[in-house]
Amino acid sequence: MKKQQAENLTTGSVFGNILCFALPYMLSYFLQTLYGMADLFFVGRFHGTDSITAVSIGSQVMHMLTVMIVGLAMGSTIGIGRSAGAGRHKKTACYVGNTAVLFALGSLVLTAVLLLFAGQVVAVMSTPAEAVEGTFTYLRVCFLGIPFITAYNVLSSIFRGLGDAKSPMYFVAVACVCNIGLDYVFIGVFGLGALGAALGTTLAQAISVLAALAVLVTGSRPCRHGGRRPWQSPLGRLAIGGTGGLGLGKESFRLQRDIVGSILKVGIPVAVQDGFIQIAFIVITVIANRRGLQDAAAVGIVEKFIGILFLVPSSLLSAVSALAAQNLGARQYRRAHLTLGYAIGLAAGFGLVASVAVQFAATGILGIFEKNGEVIRLGSEYLRSYVWDCLFAGIHFSFSGYFCAMERSGISFLHNALSIVLVRIPVAYLASWMYVDTLYPMGWAAPLGSLLSVAVCVWACFVWKELAPWKQC
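Here's what I pulled together on the structure shown here.

The rules we used
Residues numbered from 1 in each chain as written. Predicted model: local features only at pLDDT ≥ 70, side-chain atom pairs only at ≥ 80, totals over all residues. Heavy atoms only, no water. Patch = residues over 30% accessible without salt bridge, like charges linked within 9 Å, V, L, I, M, F, W, Y side chains within 5 Å. Areas by Shrake-Rupley, 256 points an atom, 1.4 Å probe, with all protein chains shown as cover. Salt bridge = Lys/Arg side-chain N within 4 Å of Asp/Glu carboxyl O. Helix = DSSP H or I, 4+ residues; strand = E, 2+ residues; numbered from the N terminus. Buried < 20%, exposed > 50% of the residue type's maximum accessible area, 1.4 Å probe, protein only. Polar contact = N/O pair within 3.5 Å; in protein donor to acceptor, adjacent residues only side chain to side chain. Contact = heavy atoms within 4.5 Å. Core = buried A, V, L, I, M, F, W, Y, C linked by side-chain atoms within 4.5 Å. Axes fitted to C-alpha atoms, helices over the stretch in contact; angles between N-to-C directions. Parallel < 35°, antiparallel > 145°, perpendicular 65-115°, else oblique. Nonpolar A, V, L, I, M, F, W, Y, C, P; charged D, E, K, R; others polar. Expected span 1.5 Å × (residues − 1). Left-handed = near helix turned anticlockwise from the far one by under 90°.

### So, a nonpolar patch on the surface
Here comes step 1: A cluster of nonpolar residues, Phe46, Tyr184, Val185, Val189, Phe190 and Leu192, forms a patch on the protein surface that exposes about 570 Å² of accessible area.
Here comes step 2: At three residues, the largest contribution of residues to the nonpolar patch is made by helix H7 (residues 167-189).
Here comes step 3: Of the residues examined, tyrosine 184 reaches a relative accessible area of 46% and is grouped as partly exposed.

Right under this line is the structure:
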């Protein structure tokens, strides 16, 4: 049987490949963010500020866990991308199988630990007393869904390593539609508040994963004109092919030290750095929570909206890592470096336009989610300064994707750790202490931290000459 290859990202227009890869990823991330915001929207419409705070705090904890899982799975994306780019099909299959086993075991352990310590998590967050019960309930239910969160994101990392950014988009679309419908039923009809939001999110994720597995097992999807047609994803062909395709068989699922080591070598620094970033956000949330319920609600809403704007930087990070990995595997070094250059240009341009636009639209944005005038005022101030992070973060996100593809993810860990320790947390704390009536100064903590990250990334390219794209293009 003729072997099937991953999608080829080593030929054609570099700029075109970035757009073709990044846009489906961005839409996938948008749909994920949309169903996360649906929780906040329905809770805000049918319940009070205490429920909004519970959902915003709980969802931030879940977001931290999710981005750490995605960061760890980056090791799989890079390993699969480099081996696929080099045409090493058997090794690609081993990466896929080892990834599935490694993350399945890890998700079960993580679920058990978090369920055991859910109460402590709520306490660490300095959750306002009015929102403690709702936050605890929300987290307990969402923790039960961690295996589904892990399954979806690991499947997505494998797809993207094989050059396919479209398939994850289809599956998250299923989750989005289900979550919005379930939110309306659980929150609007049954009045379950934070519990309803958690149930809707967890069940939607489970349905999405089951749909993905069903497609991979049957090897087909519904045809618009009736009947069925073969699934065109590289991973679909891999699963369907058995000992054909890329050669996925039983031996691919036996854990191999070199494969697991390669995944963890890239994935652990990325997961730790993403965890640090989210811890910094959580520390800022804790600072806001201690200021009172209205400040906590304002920060929670802004974090949700910023998540939408960060679709572009996040999609470019994923695009750079996958495209550069395949091109490096194929020894197309100039194409890998051009990928970084185009991504930085796109990220900086988008960040500048978005930051300027938000200066005029902040109040209206907050008004979509909250009726309380004081929460709208505080949130608008916070958003107007915080939004500049979209500009600087887009640049260092692109560098991080490039460093991961070069298997130098430790540099990404370094610049993020320095940014958090030296800028984000200290500036947020001092601004909150010095300016008790406004959140505007506190919002500058994130963009100033990202500016330091950009400086470290550029410095790294001068120190390690092999990383400098301008030396190669």
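Once the structure has been displayed, the description carries forward.
### Overview of the side chain of serine 262
Here comes step 1: The topology assignment puts serine 262 in helix H10 (residues 257-291).
Here comes step 2: In this structure the side chain of serine 262 is engaged in a polar contact, spanning 2.8 Å, whose partner is the side chain of tyrosine 95.
Here comes step 3: Those residues within four positions of serine 262 in sequence are excluded, and the remaining contacts are Tyr95 and Glu407.

### Some remarks on the nonpolar core
Here comes step 1: Residues Met62, Tyr138, Phe143, Leu383 and Met442 are the most contacted members of the largest nonpolar core, which totals 105 residues.
Here comes step 2: For this core, the element with the most residues is helix H2 (residues 49-85), which contributes eleven residues.
Here comes step 3: Once residues lying within four places of it in the same chain are set aside, the contact partners of methionine 442 are Ile284, Ile287, Ala288, Tyr382, Ala428, Ala431 and Ser432.
Here comes step 4: Counting eleven residues, the second largest nonpolar core, distinct from the first, contains Tyr95, Phe103, Leu162 and Ile259.

### Observations concerning the packing of helix H12 (residues 311-329) against helix H13 (residues 333-369)
Here comes step 1: Where H12 contacts H13, the axes come no closer than 8 Å and their chain directions differ by 175°. As far as their axial angle goes, H13 and H12 are roughly antiparallel. Mapping the contact onto sequence places Val312, Leu316, Val320, Leu323, Ala324, Asn327 and Leu328 in H12 and Tyr333, Arg335, Ala336, Thr339, Ala343, Leu346, Ala347 and Phe350 in H13.
Here comes step 2: Considered class by class, the residues forming the contact of H12 with H13 number twelve nonpolar, two polar and one charged.

### Observations regarding the pattern of salt bridges
Here comes step 1: Under the criterion given, the structure shown has four salt bridges.
Here comes step 2: Here arginine 377 makes a salt bridge to glutamate 381, at a shortest N to O gap of 2.8 Å. Of this pair, arginine 377 and glutamate 381 both sit in helix H14 (residues 373-386), four residues apart, which is roughly one turn of that helix.
Here comes step 3: Using a relative accessible area of 31% as the deciding quantity, one classes arginine 377 as partly exposed.
Here comes step 4: The partner of aspartate 389 in a salt bridge is arginine 424, and the shortest N-O contact between them spans 4.0 Å. You can see aspartate 389 sitting in helix H15 (residues 389-405) and its partner arginine 424 sitting in helix H16 (residues 409-434), a full 35 residues away along the chain.

### Concerning helix H6 (residues 146-161)
Here comes step 1: When the terminal C-alpha atoms of H6 are compared, their 22 Å separation across 16 residues agrees well with the 22 Å that a helix rising 1.5 Å per residue should span.
Here comes step 2: A large share of H6 lies buried, amounting to 13 of its 16 residues.
Here comes step 3: Looking one or two residues beyond H6, the residue adopting positive phi is glycine 163, at roughly 90°.

### Remarks on the packing of H2 against helix H11 (residues 293-309)
Here comes step 1: At a minimum axis separation of 9 Å, H2 and H11 run at an interaxial angle of 50°. As judged from the angle between their axes, H2 and H11 are oblique. For the crossing formed where H2 meets H11, the hand is left-handed. Residues Thr49, Asp50, Thr53, Ser56, Ser59 and Gln60 of H2 pack against Leu293, Ala296, Ala297, Gly300, Glu303 and Lys304 of H11.
Here comes step 2: Residues belonging to the contact of H2 with H11 are distributed by class as follows: three nonpolar, six polar and three charged.

Keep in mind these values describe shape, not function.
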